[in-house]
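# Structural overview for review
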Amino acid sequence: GAVISAVQLVPAFEFAMQSGRGTGDGYEWATFYSLPPREMAIMLFGPQWNLYFFPVSGDSHIVSFYFGLPVLLLAFAAFRKSKSRPWVWAAIAGVGFILAFGKYLPLYRVLYSVFIPLRTFRFPAQAMYLACFGVAMLAAFGLQSLKLSRRKNLIVLLVCFTDLWFFAQRGIETIDSSFYSARPPAVKFLEEHAGIDRILVTPRTRSQQDRPGSTRLEAWLKFRDSLYPNLVMAHGLYEVSGKEELRYSRYDKLLYRLYEDPHSPWMNVLNIRYVLSFWDMPSELFPKVFSSSINIFENPRAFPRAYFCPTSLTVPIGATEEYVAQHPKHNFRSVVILEGKPRAVRASQSPKTDASVEIREYGSNNVVLRIEAPSEGWVVLADAYAPGWKATVNNRSVNIQRANAVQRAVRVPAGVSTVRFRYAPLSHVFGGLLSVLGLIFALVCLKKRTG
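Numbers given for residues are sequential positions, taken from 1 along each chain in its written order. Since the coordinates come from a predicted model, pLDDT governs what is reported: local features require at least 70, and pairs of side-chain atoms require 80 or more to be given and counted, while whole-chain, interface and lining totals use all residues. Only hydrogens and water are removed before side-chain values are computed, so all heavy atoms of the structure are retained for them.

## Considering the overall build of the chain
We apply this condition: Helix and strand definitions here come from DSSP, where helices need a minimum of 4 consecutive H or I residues and strands a minimum of 2 consecutive E residues; each element is numbered from the N-terminal end. We call two residues in contact when some of their heavy atoms are within 4.5 Å. We get accessible surface area from the Shrake-Rupley algorithm with a probe of 1.4 Å; when it comes to residues, only the shown protein chains can shield them. Residues counted as positive are Lys and Arg, residues counted as negative are Asp and Glu, and His and the chain ends are not counted. Charged side chains are reduced to one point each, which is NZ for Lys, CZ for Arg, CG for Asp and CD for Glu.
In terms of regular secondary structure, the chain is built from 18 helices and 17 strands. The principal-axis extent of the C-alpha atoms belonging to the chain is close to 90 × 60 × 45 Å. Considering only residue pairs separated by 6 or more positions, the chain has 69% of its internal contacts joining residues 24 or more positions apart. Here the chain has roughly 24700 Å² of accessible surface; of this, 61% comes from carbon and sulfur atoms. Averaging the positions of the 51 positive and the 32 negative side-chain charges in the chain gives two centres separated by 11 Å.

Written as structure tokens, this is what we have:
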């Protein structure tokens, strides 16, 4: 199963290694949402726990679990006859329970420092998926060991189902379907004006979880109007933090610096055209252009998604942010910052910035630009730099440079050029080959087994 899924798993693993999980953001980051023993005991043995218990260790959708006493009794019944297979599933469940304690486990810090793969995981409570898997298998073995009649087996299963069903009445909450089809006022404004320009939901607004409303649906619609947490995806909008919480490590760190200062030059460089906030922004920098349940401010100085830059400056790898901090008035529109062997400003013979850059096609895996440049220079695409992207200029392969710490840039000649960016990571090709081989192997084994 893992080999057949390699076409998805290998690229996902490659990305994870380049995110904050792979680079290691520290012990506190990695142990966020650990399960304290008291909460573990309440959720383990308390029937329908969420009717009266709300965990303080974090988001209940992440830290909570529920087996129910009928399932637990069946799991214990699996050990009536000691066999090797039930003990294997017990070991899997035990590992899940132990890891879920996280920072509350005295040895977890030692495991974190010694076992490097553990550093790539966040929220130790999610290790409960191993416990859920192990307990479910143990319950199956337990039911089998009872050797009941078919009718009694169905009665036992019905008891387990009923217990879980009562839990699910509060454990899984639903909402009126109009929530999904609605287009709240702020969303409608952004759909009409933002295009492919980025938006930013301020950190303070993100942390404001409660939305007032005369009805529950009204409160949820106001929640949707703020596009939090990842509702931009549903409307085809572009949020500067992306559509998922996992991002490339360096991009993530740059975002956190940006969140601390609305005057940061990165507000412009990252193509942040609109800012959403429940509170006011500096009016001289961000004029208010819309107001409903949330305010929308425009950033008129935001750079285009793609633009021409006639000159370049090369700094050591990883030193762009430091250089910008030391040169806060650096003109990004005239001088793109590249990384590599340090060089002085590389200027064209007749540097001009009045170039025409038109985005002909913009997709998740394919971007096509048409450039009319007055001189040789650089085309900067304000999208995240990442391995796996390929580029051509007038159908000739060119190298993509890391620009402005987290963006992509290619060298273009004077005149009219067509630039194409295409996402084709080798990890996807390698994973695809593994998947094909795994599928062939599975079919061969199936054919031998059947005859």
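Moving on, there is more to tell.
## Quick notes on the sheet that holds strand 14 (residues 396-398)
For clarity, the cut-off: The pairing criterion for strands is at least two bridges between them, as found by DSSP. Lines fitted to C-alpha atoms define the axes here, with helix axes fitted over just the stretch in contact, and angles between the N-to-C directions of these axes take values from 0 to 180 degrees.
Strands sit in the order 10-11-17-13-14 across an open sheet of five strands; the sheet is antiparallel. Two strands close off the open sheet at either side, each with one partner strand: strand 10 (356-362) and strand 14. Going across the sheet, the axis of each strand differs from the next one's by a mean of 25°, ignoring polarity. Direction of pairing for strand 10 relative to strand 11 (residues 366-373): antiparallel, over a ladder of six bridges. The residue of strand 11 that forms the bridge with E361 is V368.

## Thoughts on the pairing of strand 16 (residues 407-412)
Within a regular strand, side chains alternate between the sheet's two faces. The criterion, for reference: Three exposure classes are used, based on accessible area relative to the maximum for each residue type with a 1.4 Å probe and protein chains only: buried under 20%, partly exposed in between, and exposed over 50%.
Burial analysis of strand 16 places six of its six residues in the buried class, which makes it a mostly covered element. Across the two faces of strand 16 the burial is the same, with Q407, A409 and R411 and R408, V410 and V412 all buried. Where strand 12 (residues 377-381) meets strand 16, five bridges bridge the pair, whose relative direction is antiparallel. Bridge pairing in strand 16 links L381 to R408.

## Quick look at the sheet that holds strand 5 (residues 295-298)
Pairing is mixed in the open sheet, where five strands are placed in the order 2-1-3-5-4. Each edge of the sheet is formed by a strand with only one pairing partner; in this case those strands are strand 2 (238-239) and strand 4 (288-291). Relative to strand 2, strand 1 (residues 198-201) runs parallel, the two being bridged by two bridges. When the sheet's bridge partners are listed, R198 is paired in strand 2 with Y238.

## A short note on the nonpolar core
Formally: Definition used in this section: a nonpolar core is a set of buried Ala, Val, Leu, Ile, Met, Phe, Trp, Tyr and Cys residues joined via side-chain atoms within 4.5 Å.
Membership of the largest hydrophobic core comes to 53 residues, with the highest contact counts inside it found for W266, L270, I272, L369, V410, V419 and F421. Other than its neighbours up to four places away in sequence, W266 contacts L254, L258, I272, T320, V324, F332, N404 and A405. Counting 27 residues, the second-largest nonpolar core is a separate cluster that includes L35, V71, A93 and L143.

## Topic: the environment of A93
Its place among the elements puts A93 in helix 7 (residues 84-100). It is 9.0 Å that separates the C-alpha atoms of A93 and L138, two residues lying 45 residues apart in sequence. Setting aside anything within four residues of it in sequence, one finds A93 in contact with L130, A131, G134 and V135.

## Side note on the environment of P184
Within the secondary structure, P184 is located in the loop between helix 11 (178-181) and helix 12 (185-193). Taking relative accessible area as the criterion, P184 reaches 7% and is therefore assigned buried. With residues up to four places along the chain from it excluded, the contact list for P184 reads L221, R224 and D225.

## Thoughts on the packing of helix 6 (residues 69-77) against helix 9 (residues 128-146)
Spelled out, the test is: Throughout this description, any angle smaller than 35 degrees is read as roughly parallel, any larger than 145 degrees as roughly antiparallel, any in the 65 to 115 degree range as roughly perpendicular, and the remainder as oblique. We call a crossing left-handed when the near helix sits turned anticlockwise from the far one by less than a right angle, and right-handed when that turn is clockwise. We call Asp, Glu, Lys and Arg charged. Ala, Val, Leu, Ile, Met, Phe, Trp, Tyr, Cys and Pro are nonpolar, and the rest, Gly among them, are polar.
Look at helix 6 against helix 9: their axes get within 6 Å of each other, and the N-to-C directions meet at 70°. Relative to helix 9, the element helix 6 is oriented roughly perpendicular. Helix 6 and helix 9 meet at a crossing whose hand is left-handed. Along the contact surface, helix 6 presents V71, L72, L74, A75 and A77, while helix 9 presents V135, L138, A139, G142, L143, S145 and L146. The residue inventory of the contact of helix 6 with helix 9, partitioned by class, reads ten nonpolar, two polar and no charged.

## Details of the pattern of salt bridges
What counts, and what does not: What makes a salt bridge here is a side-chain nitrogen of Lys or Arg within 4 Å of a carboxyl oxygen of Asp or Glu, nothing more.
In this structure the tally under the stated criterion is 14 salt bridges. Salt-bridge contacts for R206 lead to E239; the nearest nitrogen and oxygen are separated by 3.3 Å. Of this pair, R206 sits in helix 13 (residues 203-207) while E239 sits in strand 2; the two residues are 33 residues apart in sequence, bridging distant segments of the chain. Measuring nitrogen to oxygen at the nearest pair gives 2.9 Å for the salt bridge that ties E321 to R250. In this pair, E321 is assigned in helix 17 (residues 320-326) and R250 in helix 15 (residues 249-259), connecting sequence segments 71 residues apart. In this structure E321 comes out as buried when scored by relative accessible area, which is 15%. Here the salt bridges share partners, and the residues they tie into one network are R250, R257, E321 and E339.

## Focus on the side chain of N366
Heads up, the condition is: Polar contacts here mean pairs of N or O atoms no more than 3.5 Å apart (in protein, one a potential hydrogen donor and the other a potential acceptor; neighbouring residues in sequence count only if both atoms are side-chain atoms).
Its location among the elements puts N366 in strand 11. Looking at N366, its side chain comes within polar contact range of the side chain of E361, at 2.9 Å. Once you skip the residues sitting within four places of it in the chain, N366 turns out to touch E361, W389, R420, F421 and R422.

Honestly, it's all geometry; don't read function into it.
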